[in-house]
Amino acid sequence: MAWSYGYFTDLNYTHGYYPEMNPAMLRLACLCNAVEPQLPDAPSYLELGFGQGVTINMLAAASSGTYWGTDFNPAQTVEARKLADASRADIHLYDDSFEEFANRRDLPDFDVIALHGIWSWISENNRKIITDIIRRKLRPGGVAYISYNCLPGWAPVVPIRQLMSLYQDYGGGKMSRPIEMIEGAVQFAEEIAKAGSYYFRDNPFARHHLEHMGKQGRNYLGHEYMNAVWHLEHFSDMARSLDEAKLTYVGSARLLDGIDAFQLNEEGTRFVSQIGHPIMRETVRDFLVNRRFRTDIFAKGARPLPGREHRDAWCALAFVLVVPEIDVPKKIMCARGEVALPADKYDLILEALADDGYRPKRVEELLKHDKLRKLKPQDIVDLLTVLTGAGFAAPAQGPSETVSEQCRALNRHILQRALVSMDLHHMVSPVTGGGIGLNHMTQLFVLATTAGKEGEALANYVWDFLDSTGERLVRDGNKIEAKDENLKEIRILARKFVKFGRPLLQALQIIDAPEGGGWSNEAKR
């Protein structure tokens, strides 16, 4: 058997950051489900299958905890270690197989064991090894985060994956380079659809999915579809398989997934409310929304929070916006479609969070805020949950100087990398304890700011870089060639960055704040 055990390693995995894996988000998800979040401020954290290592490195840099991880692709481990070398955080990265890692004698017990996606792509034996690692090495009170492809949503797509796998084994795939093989596999499936396939005629979702695949990155398609194993299961099967590890289901790490108003219509909400057993209820919800991907949190020794403790735990939390107030949309997309955020409530909470230069604010402070006096305490909790679940806000922490320096070091590395690559789309914030999404243009503005550029010089810095690399801005789908037109667009973006983006990045400590900025004494308490 090859060292890869059938896992697709011909192309490296994507450079994704997954905010649900942040310990702060795991604590919040537990709290949203009225379960005590028994995670310390400095957790011992394990990620199994860390890919390019973006998530684990950002979490380690923004935390005073200890982080461990393994990914048996040595090329990806090399890339992950470059990020670790930059931050010098307390992080231990290996290229062990899961079996080799499980047999290590230097492993501590962990507060968090996390795995993103890999459960769907590994053998039954490896799934058993992971379950055993969780059983032996997850501390009582600890949480396991497992995201995976699930049924029923993937059911119509199974035959497409089979076609691509057959092309890889018996078609032109064996004689092709990786990218060509993936292109050929997608084209092969498209040709079958065009040849009058009754399967694609009778399954319009499969046809739609095939069209969508043609637009997706080939590295992603390779890791999603070309592995020897493609394991799909219902939530109930997952919950049952973790029984022997003494785990209890808590809820989804994606907060909006747990809010029926954002997932179900009125009839579905009424139907689900009549189901008492949590496993049955969650399975039915998957059928109602045709779920394809789950981000489950399980706890070893889940303790329900009584009402008073639950309220006190919420009051102790702090939150911060992670996108400028002006960029928060009035509607968001979710399982039931487009849902409006009522302005009479959301505008108020956004204004309160944006006050005082986006300074992080505790819930107890927000409950007393002049702009929020008309809202009930539960309204404020619900609004913060939705804004955080939608990616517009995040739990906040008061970072130590060590954590702040680790983040500064990693961000310097990311900014230098932005001069030669566009593969990293996040920078790390010591305030949120994790990554913040910043596109390449914004990273260039941050670079210009750290170089002391202001006003016209800010736009000129970005243009000079784009011109030196042959890059151009795109407007209405068309590349802008003229220098004057590019500069015009860059100036517009620069003014917006200075007015809205930079103050927020200063509050998040991604950019140095002016003297006196940052946390107030009240927020730090």
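Before reading on, note that the structure itself is shown above.
Let me sum up the structure you'll find in this document.

Thresholds, definitions, all that
- Residues numbered from 1 in each chain as written.
- Predicted model: local features only at pLDDT ≥ 70, side-chain atom pairs only at ≥ 80, totals over all residues.
- Heavy atoms only, no water.
- Pairing = 2+ DSSP bridges.
- Helix = DSSP H or I, 4+ residues; strand = E, 2+ residues; numbered from the N terminus.
- Axes fitted to C-alpha atoms, helices over the stretch in contact; angles between N-to-C directions.
- Buried < 20%, exposed > 50% of the residue type's maximum accessible area, 1.4 Å probe, protein only.
- Expected span 1.5 Å × (residues − 1).
- Contact = heavy atoms within 4.5 Å.
- Parallel < 35°, antiparallel > 145°, perpendicular 65-115°, else oblique.
- Nonpolar A, V, L, I, M, F, W, Y, C, P; charged D, E, K, R; others polar.
- Phe/Tyr/Trp six-rings, centres within 6.5 Å; stacked < 30°, edge-to-face > 60°.
- Lys NZ or Arg CZ within 6 Å of the ring centre and 35° of its normal.

**Here we look at the sheet that holds strand β4 (residues 110-116)**
Phase 1: Strands sit in the order β3-β2-β1-β4-β5-β7-β6 across an open sheet of seven strands; the sheet is mixed. Two strands close off the open sheet at either side, each with one partner strand: β3 (91-94) and β6 (248-252). When strand polarity is set aside, the average angle formed by the axes of neighbouring strands in this sheet is 15°.

**A look at unusual backbone geometry**
The phi torsion of most residues other than glycine is negative, and most of the peptide bonds are trans.
Phase 1: For the bond running from L151 to P152, omega is 15°, close enough to zero to count as cis.
Phase 2: Tracing the chain through its elements places P152 in the loop between β5 (138-149) and α6 (158-170).
Phase 3: You will see that R88, though not glycine, has its phi angle at about 60°, which is positive.
Phase 4: With respect to the helices and strands, R88 occurs in the loop between α3 (74-87) and β3.
Phase 5: A positive phi angle, close to 55°, is found at D476, a residue other than glycine.
Phase 6: Looking at the element boundaries, D476 is found in the loop between β15 (474-475) and β16 (478-479).
Phase 7: Given a relative accessible area of 75%, D476 falls into the exposed group.

**What to know about helix α5 (residues 124-137)**
Phase 1: The end-to-end C-alpha separation of α5 is 20 Å, in line with the 20 Å expected for 14 residues at 1.5 Å each.
Phase 2: For α5, the elements touching its buried residues are β1 (44-48), α4 (98-102), β4, β5 and α11 (235-241).

**As for the pairing of strand β10 (residues 337-340)**
Phase 1: Note that strand β9 (residues 331-334) and β10 share four bridges and pair antiparallel. Across the sheet, the residue bridging to C334 is G337, located in β10.
Phase 2: Where β9 folds back onto β10 in an antiparallel hairpin, the turn is made up of two residues.

**A short note on the packing of α3 against helix α19 (residues 401-417)**
Phase 1: Here α3 crosses α19 at 130°, and the two axes come no closer than 7 Å. When the interaxial angle is binned, α3 and α19 end up oblique. On α19, the residues touching E79, K82, L83, A86 and S87 of α3 are Q406, A409, L410, H413 and R417.
Phase 2: Grouping the constituent residues of the contact of α3 with α19 by class yields four nonpolar, three polar and three charged.

**Here we look at the packing of aromatic side chains**
Phase 1: The tally for this structure, following the rule as stated, stands at 11 aromatic pairs.
Phase 2: Aromatic pair Y94 and F101: ring centres 6.3 Å apart, planes at 55°, arrangement tilted.
Phase 3: Overall, Y94 belongs to the buried group, its relative accessible area being 16%.
Phase 4: Measuring from ring centre to ring centre gives 5.3 Å for F445 and F497, while their planes differ by 20°; the resulting arrangement is stacked. Here the residue F445 occupies a position in helix α20 (residues 440-450), and F497 occupies one in helix α22 (residues 483-507), the gap between them amounting to 52 residues.
Phase 5: Owing to a relative accessible area of 2%, F445 belongs among the buried residues under this scheme.
Phase 6: Joined through ring pairs, the aromatic side chains of W68, Y94, F101 and F110 make up one cluster.
Phase 7: One Lys or Arg, R104, reaches over the ring of Y94 and ends 3.9 Å from the middle of that ring.

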